[in-house]
Amino acid sequence: YVRAPSELFRLLVPSAAVMLAVNLMLSAHFYPALLRYQSPTVAARIFTAHARPGERAFFYRVLAYSFDFYARRPVRDLKTPDEILEEARRGPVWIYTDAQGAGELRRLPVVIDHESALPHFHVSRLTFRFLNPATRSSAVEPRYLLRLRKREDSSALGPIRAVPPARPSQRELLDGRCPIARAAC
């Protein structure tokens, strides 16, 4: 003898099943694709994969606590270009910054021997402009991870400056064709 399910059971079970299915779909497909735009996480992966022992990372003009977490070490905030120059004199440093900060760093008398351009969006603040692939490029902003070291001057040859790698276009970053961003993910 089997009893017929109650009204409450018939209401709750299908609702719970739909919520579970939606959450599984979001966790398996939507959120992993979204996290590509959380640039501090990607930058920390690049840093941990390519930094040599003893190299340090710093923030300039931005703060990103997830970078600290994924880099597995504390990261200090540098406020001025002079502080950056002082740290670069002590040894190679990695700087995570925004577009304006990257422009300032390129004008410093240092060698930039690694540069990663990463698309950034605060994924906790989703907007329709970001969710729409046609308008996404206007919603993201570039963030940069640069490795700097002091410039070695030679009186015979003049200053030596490493040529930074070609910057990927915004479209390459968004389409996942950027070899730097793809290798870091």
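Residues numbered from 1 in each chain as written. Predicted model: local features only at pLDDT ≥ 70, side-chain atom pairs only at ≥ 80, totals over all residues. Heavy atoms only, no water.

### As for the packing of aromatic side chains
To keep it simple, the criterion reads: A pair of aromatic rings is counted whenever rings of Phe, Tyr or Trp (Trp by its six-membered ring) have centres within 6.5 Å, and the orientation is called stacked for planes under 30 degrees apart, edge-to-face for over 60 and tilted otherwise. Secondary structure elements follow DSSP: runs of H or I no shorter than four residues count as helices, runs of E no shorter than two count as strands, and numbering proceeds from the N terminus. With a 1.4 Å probe rolled over the protein chains alone, any residue whose accessible area is under 20% of its type maximum counts as buried; one over 50% counts as exposed, and the rest are partly exposed. By definition, being over a ring means that NZ of Lys or CZ of Arg is both within 6 Å of the ring centre and within 35 degrees of the ring normal.
In the structure shown here, the tally under the stated rule is 9 aromatic pairs. With a centroid separation of 6.1 Å and 40 degrees between ring planes, the pair formed by Phe47 and Phe67 is classed as tilted. Placement of the pair is Phe47 in helix 2 (residues 39–50) and Phe67 in helix 3 (residues 65–71), with a sequence separation of 20 residues. Each member of the pair, Phe47 as well as Phe67, carries the same accessibility label: buried. Measuring from centroid to centroid gives 5.8 Å for Phe47 and Trp94, while their planes differ by 80 degrees, and the two rings are edge-to-face. Of this pair, Phe47 sits in helix 2 while Trp94 sits in strand 3 (residues 93–98), placing them 47 residues apart in sequence. Assessed through its relative accessible area of 1%, Trp94 is described here as buried. Joined through ring pairs, the aromatic side chains of Phe47, Phe59, Phe67, Trp94 and Tyr96 make up one cluster. When the ring centre of Tyr144 is taken as origin, the NZ or CZ atom of Arg106, which lies over that ring, is 5.3 Å away. One Lys or Arg, Arg136, reaches over the ring of Phe130 and ends 5.1 Å from the middle of that ring.

### Brief notes about unusual backbone geometry
The phi dihedral of Arg61 is positive, around 70 degrees, even though this residue is not glycine. For Arg61, the position within the fold is in the loop between strand 1 (56–60) and helix 3. Arg61 gets classed as partly exposed once you look at its relative accessible area, which sits at 39%. We note that Arg72 has phi near 60 degrees; this positive angle belongs to a residue other than glycine. You can see Arg72 is positioned in the loop between helix 3 and strand 2 (76–78).

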